[in-house]
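Residues per chain, in single letters:
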Amino acid sequence: MSIKIVIPPGLRVFTDDKGEIEVGGDTVGECLENLAALFPMIGKTIFFQKGELFNFGHNKVSIYLNGEDAYPDELGRPVKDGDTIHILYSISGG
Amino acid sequence: MLNSNELERYDRQIIMRGFGEEGQEKLKQAKAFIAGCGGLGSPISIYLAEAGIGTLRIVDLDTVDTSNLNRQILHWDTDVGVPKAESANAKLCNMNSNIKIEALRETIDESNVYELTEGCDLIMDAMDNLGTRFLLNQAAIKHNIPYFHGAVHGLEGRITTIIPGETACIRCIYRGDIPKEKFPVLGVTPGVVGCIQATEAIKYLTGIGKLLTNRLLVYDGLGMKFMELSVKRDPECPHCGHLPFKKEE
């Protein structure tokens, strides 16, 4: 089982500048936890706490599965070999 | 009715397939609200002015600072300390004397957002914070006019076109606010993003092409890639959830 996770440019400082990481897992949540195991700082950016996406009263992180918004219940979504997960965080500059 | 100067000035776009004098007339009759006159607002206002949008209402409270000059291309060395609205007005009036500029030195907040956007045909998002974007999103929904979203950070950009009641709105996509921050940015990033926003506005007004609706375009300048993500209306959206859904949604 190989799932591709696309890392946004702003978070590549935590992945040795890698823009795509292959991980295993049966759900989006498992894949992201496996990513966090490889790159702990990514985990601190994505997860507010175990099993919950980063949230400080606000929802900063969005997850897209195969190009589709995975909201709601992003972490529980099942994945299959060849799927792609995009991590997207809010930006607001103008 | 287009005058002889306008017919000559806009000739290269009038001869585009599907555009014609009819399309140019639609641009002339239109009024665009441009929220902010900084990194995004500069290319947006320049290209909408050059395209011949009849009226540009530009709102910005700030004055030009030296640290703006790497990206806010409407403002120059000699403008430091000058209100951005005043600086923009001077440049755009010289750029195209056929159009009308309404440059207002105001902040956009809950008390005035509906009044400021009243009578406009569309809203161009050139803000630097998500909170004001949410206010503009609500104004677009209230007035039932499109909202052309853009945002930048470093060499990243996001763009989408919002048609109230038909497409995902900004609140469907970003489900919460984030703190205003001093964000890193290279001047070319708002150049790329602002030009795409302006393209979408012109397409909308003239009715040509396919709009960037229900699609979030993600620009990765570092990898030089454009990525398209599919977005959809959220039935629980606090901004647009009350609007009726079509059967296929």
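Just so we're clear, the structure is a prediction, and the values are computed from it rather than from any experiment.

A. Representation of the confidence of the model for chain B within the structure. Overall, the prediction assigns chain B a mean pLDDT of 96, with 99% of residues at 70 or greater. Here the prediction assigns the complex a pTM of 0.95, and the interface score ipTM is 0.90.

B. Helix H9 (residues 188-206) of chain B, seen in detail. The end-to-end C-alpha distance of H9(B) is 27 Å, a good match for the 27 Å that 19 residues give at a rise of 1.5 Å each. Downstream of H9(B) by a residue or two, B:Gly207 has a phi angle that is positive, lying close to 80°.

C. Inspection of the packing of aromatic side chains at higher detail. Throughout the structure, instances matching the rule amount to two aromatic pairs over all chains. The ring of B:Phe134 is capped by B:Arg171, whose NZ or CZ atom sits 5.7 Å from the centre of that ring. We note B:Arg175 situated over the ring of A:Tyr71; from NZ or CZ to the ring centre the distance is 3.7 Å.

D. Main features of the interface of chain B and chain A. Tallying the contact residues gives 34 residues for chain B and 24 residues for chain A. Where chain B abuts chain A, roughly 2500 Å² becomes buried across the two surfaces, and 55% of that area is made up of carbon and sulfur atoms. Put simply, chain B and chain A have two salt bridges between them. Of the charged contacts in the structure, one is a salt bridge between B:Asp220 and A:Arg12, with a shortest N-O distance of 3.0 Å. There are 15 residue pairs in polar contact (both at pLDDT 80 or more) connecting chain B and chain A. Considering each element in turn, the side of chain B that touches chain A owes the most residues, four residues, to strand E8 (residues 225-230) of chain B.

E. Layout of the pattern of salt bridges. Evaluation of the coordinates by the stated rule reveals 16 salt bridges over all chains. Salt-bridge contacts for A:Asp69 lead to B:Arg175; the nearest nitrogen and oxygen are separated by 3.2 Å. Here the residue A:Asp69 occupies a position in strand E6 (residues 68-69), and B:Arg175 occupies one in the loop between helix H8 (170-173) and H9, the pair thus bridging two chains. For the salt bridge of B:Glu102 with B:Arg57, the shortest nitrogen-to-oxygen distance reads 2.8 Å. A residue pair is termed long-range when its members are at least 10 positions apart, and B:Glu102 in strand E3 (residues 100-104) and B:Arg57 in strand E2 (residues 55-59) qualify at 45 residues. Grouping residues by exposure puts B:Glu102 and B:Arg57 together as buried. Residues participating in the shared-partner salt-bridge network are B:Lys31, B:Arg57, B:Lys100 and B:Glu102.

Rules used throughout
Residues numbered from 1 in each chain as written. Chains lettered and ligands numbered in written order. Predicted model: local features only at pLDDT ≥ 70, side-chain atom pairs only at ≥ 80, totals over all residues. Heavy atoms only, no water. pLDDT = per-residue confidence, 0-100. Helix = DSSP H or I, 4+ residues; strand = E, 2+ residues; numbered from the N terminus. Expected span 1.5 Å × (residues − 1). Phe/Tyr/Trp six-rings, centres within 6.5 Å; stacked < 30°, edge-to-face > 60°. Lys NZ or Arg CZ within 6 Å of the ring centre and 35° of its normal. Contact = heavy atoms within 4.5 Å. Buried area = accessible area lost by both parts, 1.4 Å probe. Salt bridge = Lys/Arg side-chain N within 4 Å of Asp/Glu carboxyl O. Polar contact = N/O pair within 3.5 Å; in protein donor to acceptor, adjacent residues only side chain to side chain. Buried < 20%, exposed > 50% of the residue type's maximum accessible area, 1.4 Å probe, protein only.

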